[in-house]
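Residue-level structural notes
Listed below are the residues making up each chain.
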Amino acid sequence: NAGVTQTPKFQVLKTGQSMTLQCAQDMNHEYMSWYRQDPGMGLRLIHYSVGAGITDQGEVPNGYNVSRSTTEDFPLRLLSAAPSQTSVYFCASSRPGQGANEQYFGPGTRLTVT
Amino acid sequence: AQTVTQSQPEMSVQEAETVTLSCTYDTSESDYYLFWYKQPPSRQMILVIRQEAYKQQNATENRFSVNFQKAAKSFSLKISDSQLGDAAMYFCAYRTDPQEGGADGLTFGKGTHLIIQP
């Protein structure tokens, strides 16, 4: 199993550009989520999904869109990038139901918006 | 909303010694879950240990153990026989019981940078 994969690993955008960060998992996990990590901060929840067709907002959703058309994929869209969105982005997945279930994290995408 | 506080930005310990990382949290919920994650320079997030709030017994995983004090809302991590490979950022995290509703994800503290002195 590849686990949770994220592409690209690095990306530089200009202000106002759009892009999609890709996340895929091959563990048949129903739950997937996106976090951002800023310097000196822990990870903060952007959006999450408890299954195909179901998404919801986390702590910092503004400026980001998500959709979940398949169990495997959970892309994160930036419609109009801003310098404040410069961060490292992590995708995670887990089995549903139990809150103690381990969340498996991808390797992260480092995004810089100039 | 829940908050997680790690009051030690950086800790240093001699190899083979024991170190304790502190974590406190604020919540009005009775059922929840607590985690410690390790983030080495590779930035990969690795689960170290987890604790269900309804369990009184403290979790243990090999050299890692926790001191969970529910009334005090404290969840410290003890690392015994520290090794060079333990050097990393350590994050304490809280998760609401998914059955309670609300945003379902982890709330993280700001992290503690652990340095292992050889």
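In this report, the structure presented in the accompanying data block is examined.

Procedures and definitions
Residues numbered from 1 in each chain as written. Chains lettered and ligands numbered in written order. Predicted model: local features only at pLDDT ≥ 70, side-chain atom pairs only at ≥ 80, totals over all residues. Heavy atoms only, no water. Contact = heavy atoms within 4.5 Å. Buried area = accessible area lost by both parts, 1.4 Å probe. Salt bridge = Lys/Arg side-chain N within 4 Å of Asp/Glu carboxyl O. Polar contact = N/O pair within 3.5 Å; in protein donor to acceptor, adjacent residues only side chain to side chain. Helix = DSSP H or I, 4+ residues; strand = E, 2+ residues; numbered from the N terminus. Buried < 20%, exposed > 50% of the residue type's maximum accessible area, 1.4 Å probe, protein only. Pairing = 2+ DSSP bridges. Axes fitted to C-alpha atoms, helices over the stretch in contact; angles between N-to-C directions.

The next thing to look at is the interface of chain B and chain A. If you look at the interface, chain B gives 22 residues, while chain A gives 28 residues. The largest per-residue losses of area from chain B upon contact with chain A belong to B:Arg43, B:Arg95 and B:Asp104, which jointly make up 29% of the total buried on that side. Here chain B and chain A share one salt bridge between them. We note a salt bridge from B:Arg50 to A:Glu102, for which the minimum N-O separation is 4.0 Å. Where chain B touches chain A, the interface holds seven residue pairs in polar contact (both at pLDDT 80 or more). Of all the secondary-structure elements, those providing two or more residues to the side of chain B that touches chain A are β5 (32–39), β6 (46–52), β10 (88–96) and β11 (106–108) of chain B.

All names here are of chain A. A full pass over the atoms with the stated rule returns six salt bridges over all chains. Its salt-bridge partner being Arg44, residue Asp38 comes within 2.6 Å of it at the nearest N-O pair. Overall, the relative accessible area of 13% leaves Asp38 in the buried class. The exposure class assigned to Arg44 is partly exposed, which follows from its relative accessible area of 22%. The network of salt bridges with common partners includes Arg36, Asp38 and Arg44.

Turning our eyes to something else, we now look at the pairing of β5(B). Residue and element names in this part refer to chain B. Here β5 lies mainly inside the structure; eight of its eight residues are buried. In β5, alternate side chains face the same way, and those of Tyr32, Leu34, Trp36 and Lys38 on one face and Tyr33, Phe35, Tyr37 and Gln39 on the other are all buried. As paired elements, β5 and β10 share eight bridges and run antiparallel to each other. Residue pairing in the sheet places Trp36 in a bridge with Cys92 of β10. Note: β5 against β6, six bridges, orientation antiparallel. Among the inter-strand pairings, Phe35 is bridged to a residue of β6, identified as Arg50. Here β5 folds back onto β6, and the loop between the two strands holds six residues, one of which, Arg43, carries a positive phi near 70 degrees.

Moving residue by residue along a regular strand, the side chains alternate between the two faces of the sheet. Residue and element names in this part refer to chain A. Most of strand β5 (residues 43–51) is tucked away: seven of the nine residues are buried. Pairing of strand β4 (residues 31–37) with β5, which is carried by six bridges, proceeds in the antiparallel orientation. Residue pairing across strands places Ser33 opposite Tyr48, the latter belonging to β5. The sheet contact formed by β5 and strand β6 (residues 54–57) spans three bridges and is antiparallel. Considered in β6, the bridge of Gly51 is made with Ile54.

On to the sheet that holds strand β3 (residues 19–25) of chain A. In sheet architecture, strand pairing relies on hydrogen bonds along the backbone and comes in two forms, parallel and antiparallel. All names here are of chain A. Taken in spatial order, the four strands make up an open sheet running β1-β3-β8-β7, and their pairing is antiparallel. Since the sheet does not close on itself, it has two edges, and those belong to β1 (4–7) and β7 (64–66), each with one partner. The mean inter-strand angle of the sheet, taken between neighbouring strand axes irrespective of direction, is 20 degrees. In the sheet, β1 pairs with β3 via four bridges, with the strands oriented antiparallel. Of the residues in β3, the one forming a bridge with Val4 is Gln25.

Don't take any of this as a statement about function, it's just geometry.
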